[in-house]
Amino acid sequence: SEIQEYERILHEQEKALVTFKSELTLSFDSLLLNSKELLTRQIGTSNKIKELLHNSALNEWVRKGAELHSERKICTFCNNSISDERWKEINDHFDEESKKLGQDIDKYIHLMEEEQRTIQSEQTIDKALFYSNFHAQLDLLRTKISLESQKYNNQIDKLKEQLNARKQQITMIFKLDEPEDHQKALHELFKEYQNICKSQNQYTEKLEQEQKSAKEKLRLHEVFVFCSTIEYSSTLTQIDKLKTNKEDAEKEYDDTEKLIKT
């Protein structure tokens, strides 16, 4: 596995420095605060059509119908004329205060959807920008970011559901069901991504040195394999043993010659 790693390092091409944002900006606190205000904002209940106050589906149906019939005198549903008195009742029911609250709710639902799209785009990690030794880390990080982003977006969905419920029952006050906050986990994962980017850029700066080191280690490994193949160490031991035997034999030879001369 080390051989494969060193060979991979040798084949790495130098990559450009990875740029990354200095911080992750989330709007959950602001969305939560404004949701609470919209859910608890009081509007007048006088001059309201009681039947619509107690039936959110019917109220929404009449509201949409009023928008579609704003330039008409004849109802396209029943084909009867719409009297001025009835228009006054409908306009009083959907007064400026109610319309303003509905518009504010639509505005913040749109901001929430923008936030969800932003979080979705933050998940984009281009592994092609990174050296292969960072790919395993990036795969794991991408999985964790996807999981936490989904949790974050689910909490925003809960806020949207509450705002839509208030919009359908515009005169009712709702208590905010505060969802769990997943900002901390996302910030920690973003820091983890920053650290990988920094390590990647540092690796780029020392790639030449890393390749030189890998080449040396591979060369030494080849030397080791060659030495093992020819049994270099055992051959040296055998040579030393033979050398000792030779020296002993030479000494015995010299001693014998001296004895003969004597």
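A brief report on the enclosed structure follows. (Residues numbered from 1 in each chain as written. Predicted model: local features only at pLDDT ≥ 70, side-chain atom pairs only at ≥ 80, totals over all residues. Heavy atoms only, no water.)

**Some thoughts on the overall build of the protein**
Put simply, the test is: Only DSSP runs of H or I reaching four residues or more are called helices, and only runs of E reaching two or more are called strands; each is numbered from the N terminus. Throughout this description, buried means an accessible area under 20% of the type-specific maximum (1.4 Å probe, protein chains only), exposed means over 50%, and partly exposed covers the range between. Contacts between residues were defined by any pair of non-hydrogen atoms, one from each residue, lying within 4.5 Å. For every accessible area listed, the method is Shrake-Rupley and the probe measures 1.4 Å; residues are considered covered only by the protein chains on display.
Helix and strand counts for the protein stand at 10 helices and zero strands. N-terminal to C-terminal, the α/β element order of the protein is α-α-α-α-α-α-α-α-α-α. Residues classed as buried in the protein amount to 31% of the 262 residues present. Long-range pairs, those at least 24 residues apart, make up 83% of the contacts in the protein with a sequence separation of at least 6. Accessible area of the protein: about 18200 Å², with a carbon and sulfur share of 51%.

**Overview of the pattern of salt bridges**
Let me state the cut-off plainly: Here, a salt bridge means any Lys or Arg side-chain nitrogen found within 4 Å of an Asp or Glu carboxyl oxygen.
In total, this model carries 15 salt bridges according to the counting rule given. One salt bridge in this structure joins lysine 167 and aspartate 106, with 2.5 Å as the shortest N-O distance. Here aspartate 106 lies in helix α6 (residues 96-122) and lysine 167 lies in helix α7 (residues 135-168), a separation of 61 residues in the sequence. Residue classification places lysine 167 among the buried positions, given a relative accessible area of 17%. Its relative accessible area of 34% is what places aspartate 106 among the partly exposed residues. We note a salt bridge from arginine 117 to glutamate 114, for which the minimum N-O separation is 2.7 Å. Placement of the pair is arginine 117 and glutamate 114 together in helix α6, with a separation of three residues, close to one helical turn.

**Considering the packing of α7 against helix α8 (residues 183-205)**
For clarity, the cut-off: To get an axis, fit a line to the C-alpha atoms, keeping to the stretch in contact for a helix; angles then go from 0 to 180 degrees between the N-to-C directions. Convention used here: angles under 35 degrees read as roughly parallel, angles over 145 as roughly antiparallel, angles from 65 to 115 as roughly perpendicular, and any remaining angle as oblique. Each crossing is labelled by how the near helix is turned from the far one, with a counterclockwise turn of less than a right angle marking it left-handed and a clockwise turn marking it right-handed.
Orientation of α7 relative to α8, taken along the N-to-C sense of each, is 160 degrees, at an axis distance of 10 Å. It follows that α7 is roughly antiparallel to α8 by the angle criterion. Two packed elements cross with a definite hand, and for α7 against α8 that hand is left-handed. Contacts between α7 and α8 pair Gln137, Leu138, Leu141, Lys144, Ile145, Glu148, Ser149 and Tyr152 from the former with Gln183, Ala185, Leu186, Leu189, Glu192, Tyr193 and Ile196 from the latter.

**Considering the packing of aromatic side chains**
Put simply, the rule reads: The criterion for an aromatic pair is that two Phe, Tyr or Trp rings (for Trp, the six-membered ring) have centres within 6.5 Å, with stacked assigned to planes under 30 degrees apart, edge-to-face to planes over 60 apart and tilted to the rest.
Taken as a whole, this structure holds four aromatic pairs when the rule is applied. When the centroid spacing of 5.8 Å and the interplanar angle of 50 degrees are considered together, the rings of phenylalanine 28 and tyrosine 152 count as tilted. Within this pair, whereas phenylalanine 28 is found in helix α2 (residues 28-40), its partner tyrosine 152 is found in helix α7, the two being separated by 124 residues in sequence. Across this residue pair, the class does not change: phenylalanine 28 and tyrosine 152 are buried. Members of the aromatic cluster, each reached through a chain of ring pairs, are Tyr131, Phe134 and Tyr203.

**Let's talk about a nonpolar patch on the surface**
Spelled out, the test is: A patch consists of residues whose relative accessible area exceeds 30% and which take part in no salt bridge; residues with like charges are grouped when within 9 Å of each other, and nonpolar side chains (Val, Leu, Ile, Met, Phe, Trp, Tyr) when within 5 Å.
Where nonpolar side chains cluster on the molecular surface, the patch consists of Phe226, Ile230, Tyr232, Leu236 and Ile239 and spans about 470 Å² of accessible area. A total of three residues in the nonpolar patch trace back to one element, the largest contributor, which is helix α10 (residues 232-261). Relative to the elements of secondary structure, isoleucine 239 occurs in helix α10. Among the residues examined, isoleucine 239 registers a relative accessible area of 45% and is labelled partly exposed.

**Focus on the environment of glutamate 12**
Turning to its location among the elements, glutamate 12 is positioned in the loop between α1 (2-10) and α2. Overall, the relative accessible area of 11% leaves glutamate 12 in the buried class. Beyond its immediate chain neighbours, meaning those up to four positions away, glutamate 12 contacts Tyr131, Ser132, Asn133, Leu207 and Gln211.

**Considerations on unusual backbone geometry**
Positioned with a positive phi, glutamate 231 is a non-glycine residue whose angle comes to about 55 degrees. Here glutamate 231 shows up in the loop between α9 (207-229) and α10. Residue classification places glutamate 231 among the exposed residues on the basis of a relative accessible area of 52%.

**What to know about the side chain of serine 149**
Along the polypeptide, serine 149 turns up in helix α7. Given the relative accessible area of 2%, serine 149 is considered buried. The residues touching serine 149, leaving out its near neighbours within four places in the chain, are Ile119, Gln123 and Leu186.

**Topic: the side chain of glutamine 194**
Our working definition: A 3.5 Å cut-off defines polar contacts: any pair of N or O atoms within that distance qualifies, except that in protein one atom must be a possible hydrogen donor and the other a possible acceptor, and neighbouring residues in sequence count only when both atoms are side-chain atoms.
Tracing the backbone through its elements, the reader meets glutamine 194 in helix α8. Here lysine 21 takes part through its backbone oxygen, which lies 3.1 Å from a polar atom of the side chain of glutamine 194. Not counting the four nearest positions on each side in its chain, glutamine 194 is found in contact with Phe20, Lys21, Ser22 and Glu23.

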